[in-house]
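A structural walkthrough
Each chain is listed here by its residues.
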Amino acid sequence: MPRSLRLINWLILSFLPFILTAQSYPSEVGQRTRNQLIIQMPKAQASGILIMACVSPDTINASVVNEFGISLMDFSYNSRKDKVKLHSVMKALDKWYIRRTLRNDLRQLLNIMREGGTEYYDKRHKINYLILPYDETEEQPLQD
């Protein structure tokens, strides 16, 4: 019995990195993931929740919303064609040159996430994208 427990523990610890990275990128149809997305620019920073859902073996639908539920952008990613399609972008970012940068950066970020990475830096525009696990624990209310 102890021998089999050691084997089970060894197997769990061996595959733990693969289990943890699989949680940030949906790989099976119907799977959904939630991550925190932080976008750092030279003069500003934006953060929100990146919600992704795998709708087919090669298509991921995603949305970035802030903590108040306001949508920053909605997009889909086709891994077979390696293309990102922006469906909607908040009004302040809805300019052709910003949309083009977002498409390219999101494509790179999703490729990195698929391989288990969590960060992408756009050297040309000096924009850093960081993916963190989403903490679903509720904050304690303030006490008077």
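This one's a predicted model, so the numbers in the text were calculated from it and none came from an experiment.

**A few points about the confidence of the model for the protein**
- Taken residue by residue, the protein gives an average pLDDT of 84. The fraction at 70 or more is 78%.
- Counted against residues more than four places away or in other chains, residues 10-22, with its pLDDT under 50, gives two contacts.

**Examining the nonpolar core**
- In terms of nonpolar packing, the biggest core is built from 25 residues, with L50, M52, M73, F75, L110 and M113 touching the most fellow members.
- For this core, the secondary structure elements donating two or more residues are β1 (32-40), β2 (45-56), β3 (59-65), β4 (71-78), β5 (83-89), α2 (96-114) and β7 (127-133).
- Considering every element that reaches this core, the biggest residue donor is α2, with five residues.
- The contacts of M73, once residues within four sequence positions are left out, are A62, S63, V64, L86, S88, V89, L102 and L106.

**Considerations on the side chain of T59**
- When you line up the elements, T59 lands in strand β3.
- Among the polar contacts listed, one links the side chain of T59 to the side chain of D58, at a separation of 3.4 Å.
- Among all residues touching T59, those that are not within four sequence positions of it are A53, C54, Y77 and N78.

**Points about the sheet that holds β1**
- Pairing in this open sheet of seven strands is antiparallel, and the strands run β5-β4-β3-β2-β1-β7-β6 from one edge to the other. Each edge of the open sheet carries a strand with a single partner, namely β5 and β6 (119-122). With direction set aside, neighbouring strand axes in the sheet form an average angle of 25°.
- Here β6 pairs with β7 via four bridges, running antiparallel. Paired with Y120 across the two strands is Y129, which belongs to β7.

**Quick word on the pairing of β2**
- Where β1 meets β2, nine bridges bridge the pair, whose relative direction is antiparallel. Residue pairing for β2: Q36 is matched across the bridge by I49.
- Two successive antiparallel strands, β1 and β2, enclose a turn made up of four residues.
- Pairing between β2 and β3: seven bridges, direction antiparallel. Paired with C54 across the two strands is I60, which belongs to β3.
- The antiparallel hairpin formed by β2 and β3 contains two residues in its connecting segment.

**Some thoughts on the packing of aromatic side chains**
- The final tally for this structure, using the stated rule, is two aromatic pairs.
- A centroid spacing of 5.6 Å and a plane angle of 90° characterise the contact between W96 and Y97, whose relative ring orientation is edge-to-face.
- For W96, a relative accessible area of 61% gives the class exposed.
- Taking the relative accessible area as the measure of exposure, Y97 reaches 41% and is therefore partly exposed.

**Some details on the environment of Y129**
- Take Y129: it is sitting in strand β7.
- Among the residues examined, Y129 registers a relative accessible area of 2% and is labelled buried.
- The sequence separation of Y129 and E119 amounts to 10 residues, and the corresponding C-alpha distance is 5.6 Å.
- With residues up to four places along the chain from it excluded, the contact list for Y129 reads I38, I39, L102, D105, L109, T118, E119 and Y120.
- One polar contact links Y129 to D105, side chain to side chain, over a distance of 2.8 Å.

Reading guide: rules and limits
- Residues numbered from 1 in each chain as written.
- Predicted model: local features only at pLDDT ≥ 70, side-chain atom pairs only at ≥ 80, totals over all residues.
- Heavy atoms only, no water.
- pLDDT = per-residue confidence, 0-100.
- Contact = heavy atoms within 4.5 Å.
- Core = buried A, V, L, I, M, F, W, Y, C linked by side-chain atoms within 4.5 Å.
- Buried < 20%, exposed > 50% of the residue type's maximum accessible area, 1.4 Å probe, protein only.
- Helix = DSSP H or I, 4+ residues; strand = E, 2+ residues; numbered from the N terminus.
- Polar contact = N/O pair within 3.5 Å; in protein donor to acceptor, adjacent residues only side chain to side chain.
- Pairing = 2+ DSSP bridges.
- Axes fitted to C-alpha atoms, helices over the stretch in contact; angles between N-to-C directions.
- Phe/Tyr/Trp six-rings, centres within 6.5 Å; stacked < 30°, edge-to-face > 60°.

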